[in-house]
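Residues per chain, in single letters:
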Amino acid sequence: MKENAVKEKALNFAVRIVNLYKFLREEKNEHIMSKQLMRSGTSIGANISEALRGASKKDFMNKLTIALKEAGESDYWITLLRRTDYLDEKQHESISSDISEIIKLLVAILKRSQSSQNPSTILNSEF
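What counts, and at which threshold
- For every chain, the first residue of the written sequence is number 1, and numbering continues from 1 onward in sequence order.
- Totals for whole chains, interfaces and linings use all residues, but because this is a predicted model, local features are given only for residues with pLDDT of at least 70 and pairs of side-chain atoms are given and counted only at 80 or more.
- Computation of side-chain values covers all heavy atoms of the structure but excludes hydrogens and water.
- Buried residues of nine kinds, namely Ala, Val, Leu, Ile, Met, Phe, Trp, Tyr and Cys, make up a nonpolar core once their side-chain atoms join them within 4.5 Å.
- Each residue gets one of three labels from its accessible area relative to the maximum for its type: buried under 20%, exposed over 50%, partly exposed in between, using a 1.4 Å probe on protein chains only.
- Under the DSSP-based scheme used, a helix requires at least four consecutive residues in state H or I and a strand at least two consecutive residues in state E, with every element numbered from the N terminus.
- Note on contacts: a residue pair is in contact if any heavy atoms of the two residues lie within 4.5 Å.
- Whether two aromatic rings pair depends on their centres lying within 6.5 Å, for rings of Phe, Tyr and Trp, where Trp uses its six-membered ring; planes under 30 degrees apart make the pair stacked, over 60 edge-to-face, and the rest tilted.
- Here, a salt bridge means any side-chain nitrogen of Lys or Arg that lies within 4 Å of a carboxyl oxygen of Asp or Glu.
- Note on definitions: angles span 0 to 180 degrees between N-to-C directions of axes, and those axes are lines fitted to C-alpha atoms, for helices only across the stretch in contact.
- The cut-offs work like this: below 35 degrees is roughly parallel, past 145 is roughly antiparallel, 65 to 115 is roughly perpendicular, and the gaps in between are oblique.
- Handedness of a crossing follows from how the near helix is turned relative to the far one, being left-handed for an anticlockwise turn of less than a right angle and right-handed for a clockwise one.
- For this classification, the nonpolar set comprises Ala, Val, Leu, Ile, Met, Phe, Trp, Tyr, Cys and Pro, the charged set comprises Asp, Glu, Lys and Arg, and every other residue, Gly included, is treated as polar.

Draft legend 1. Fine view of the nonpolar core. By size, the foremost hydrophobic cluster in this structure holds 29 residues, and its most contacted members are Phe13, Ile44, Ile48, Leu64 and Leu106. Elements represented by at least two residues in this core include exactly helix H1 (5-26), helix H2 (32-52), helix H3 (57-83) and helix H4 (89-113). In terms of residues, this core owes the most to one element, H3, which gives 8 residues. Residues within four places of Ile44 in sequence aside, it is in contact with Ala10, Phe13, Ala67, Glu70, Ala71, Ser74, Ile99, Ile102 and Leu106.

What follows is the structure, encoded as structure tokens:
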């Protein structure tokens, strides 16, 4: 199966989240928000991968919807970490732009998939 941009972006984002988690725990001694971000941020790509193997269009859409919800939650934790000064402006801007791009891609895929007979072909070919 051909790789796609949203799946790759979600994986790269998950790697960044793991590294941010380590930084927040070791350098900032922050344990609660970082753990929440770790869970939601790494879940996005896992749900996209599950969507690609969905047994039906409904299964595909459900998994992508979960990925979108996890992306929204990740965005929340990233914003909270900035507002509580665990992330500086540069760190926040960088990771925030990544999650915003993933959210936009997921929304576009879900909209196009609603009218498609085989939505996984959309994910594999356009995103």
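Draft legend 2. Structural context of the packing of aromatic side chains. Applying the stated rule across the entire model yields 1 aromatic pair. Pairing Tyr76 with Trp77 gives two aromatic rings, centres 5.1 Å apart and planes at 75 degrees, and the pair type is edge-to-face. Relative accessible area serves as the criterion here: at 49%, Tyr76 is assigned to the partly exposed category.

Draft legend 3. Spatial organisation of the pattern of salt bridges. Under the defined criterion, the tally for this structure stands at 5 salt bridges. Notably, a salt bridge pairs Glu101 with Lys9, separated by 2.9 Å at the nearest N-O pair. Of the two residues, Glu101 sits in helix H4 while Lys9 sits in helix H1, which places them 92 residues apart along the sequence. Glu101 gets classed as partly exposed once you look at its relative accessible area, which sits at 35%. For Arg82, the salt bridge is made with Asp85, and the minimal N-O distance between the two is 3.5 Å. Look at Asp85 and you get exposed, because its relative accessible area is 56%. Within this structure, Arg82, Asp85 and Glu89 form a network of salt bridges that share partners.

Draft legend 4. Just the packing of H3 against H4, in detail. Interhelical geometry of H3 versus H4 gives an angle of 160 degrees and a closest axis separation of 9 Å. What the angle tells us is that H3 and H4 run roughly antiparallel. The two elements H3 and H4 cross, and the hand of that crossing is left-handed. Among the residues making up the contact of H3 with H4, the classes are represented as 14 nonpolar, 7 polar and 4 charged.

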